[in-house]
Amino acid sequence: MSTSFFDRRLIINTILTLPGSALLLYCIRVAIAAHLPYLVATILATTLGFLEPRKGWFLALVQAGTIWIVYMFFLVHPTNNFHIELENFGLYGSMILSFVGSFVGGRLKRILDRSKSGRSKS
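What you are looking at is a predicted structure, and each value in this text was computed from that prediction instead of being measured.

Caption draft 1: Molecular detail of the overall build of the protein. A tally of helices and strands in the protein yields four helices and zero strands. In the protein, the succession of helices and strands from N to C terminus is α-α-α-α. Overall, the C-alpha framework of the protein stretches about 60 × 30 × 15 Å when taken along its three principal axes. Within the protein, the proportion of its 122 residues that are buried is 36%. Counting contacts in the protein only where the partners sit at least 6 residues apart, residues at least 24 apart contribute 77% of the total. Split by element, the accessible area of the protein, about 7700 Å² in all, is 71% carbon and sulfur. Separation between the mean location of the 12 positive side-chain charges and that of the 5 negative ones in the protein comes to 15 Å.

The following block contains the structure:
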């Protein structure tokens, strides 16, 4: 029984990842400190792992790639050194948190599923 990697659920979750990436980019742009983008990135990435416990890494890759590509090629960069450093710190930190949060969310979802299946068998 061979199943395709790109099933309907993954495609829908990939589409749902794009508005989250837009929200994360907005937070990176308006933040006055790195706390807001990091909080939003952690919440979104954990949700990605929860949505796709086995393929969350792909959703994290989509999120990280989307925010990097849009930021680098489609947004106007600030001229103030403080804002440049803050946005870069928020951008690259959020990209890393996308993968870490996705891993954590996927592990939590698998643990919860395992505990539910063990409880129902008893």
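Caption draft 2: Here's a closer look at the side chain of N13. Note that N13 resides in helix 1 (residues 8–30). With relative accessibility at 6%, the residue N13 sits in the buried group. If we ignore the near neighbours within four places in the chain, the residues touching N13 are L51, E52 and L59.

Caption draft 3: Just the packing of aromatic side chains, in detail. Taken as a whole, this structure holds seven aromatic pairs when the rule is applied. Each ring, one from F5 and one from W57, has its centre 5.8 Å from the other, and the planes form 35°; the classification is tilted. With F5 in the segment before helix 1 and W57 in helix 3 (residues 56–74), this pair connects stretches of sequence that are 52 residues apart. Feature note: the residues F5, F6, W57 and F58 constitute an aromatic cluster, connected by ring pairs. When the ring centre of F5 is taken as reference, the NZ or CZ atom of K55 above it lies at 5.1 Å.

Caption draft 4: Representation of the pattern of salt bridges within the structure. With the rule as written, the count across this model stands at four salt bridges. The partner of D7 in a salt bridge is K55, with the nearest N and O atoms 3.6 Å apart. Here the residue D7 occupies a position in the segment before helix 1, and K55 occupies one in the loop between helix 2 (35–51) and helix 3, the gap between them amounting to 48 residues. Judged by relative accessible area, D7 falls into the partly exposed class, the value being 29%. The buried category is assigned to K55, whose relative accessible area is 15%. The closest approach of N and O atoms between R9 and E52, which form a salt bridge, is 3.7 Å. In this pair, R9 is assigned in helix 1 and E52 in the loop between helix 2 and helix 3, connecting sequence segments 43 residues apart. For R9, a relative accessible area of 46% corresponds to the partly exposed category. Assessed through its relative accessible area of 5%, E52 is described here as buried.

The rules we used
Residues numbered from 1 in each chain as written. Predicted model: local features only at pLDDT ≥ 70, side-chain atom pairs only at ≥ 80, totals over all residues. Heavy atoms only, no water. Helix = DSSP H or I, 4+ residues; strand = E, 2+ residues; numbered from the N terminus. Buried < 20%, exposed > 50% of the residue type's maximum accessible area, 1.4 Å probe, protein only. Contact = heavy atoms within 4.5 Å. Areas by Shrake-Rupley, 256 points an atom, 1.4 Å probe, with all protein chains shown as cover. Lys, Arg positive; Asp, Glu negative; His and termini not counted. Charge placed at Lys NZ, Arg CZ, Asp CG, Glu CD. Phe/Tyr/Trp six-rings, centres within 6.5 Å; stacked < 30°, edge-to-face > 60°. Lys NZ or Arg CZ within 6 Å of the ring centre and 35° of its normal. Salt bridge = Lys/Arg side-chain N within 4 Å of Asp/Glu carboxyl O.

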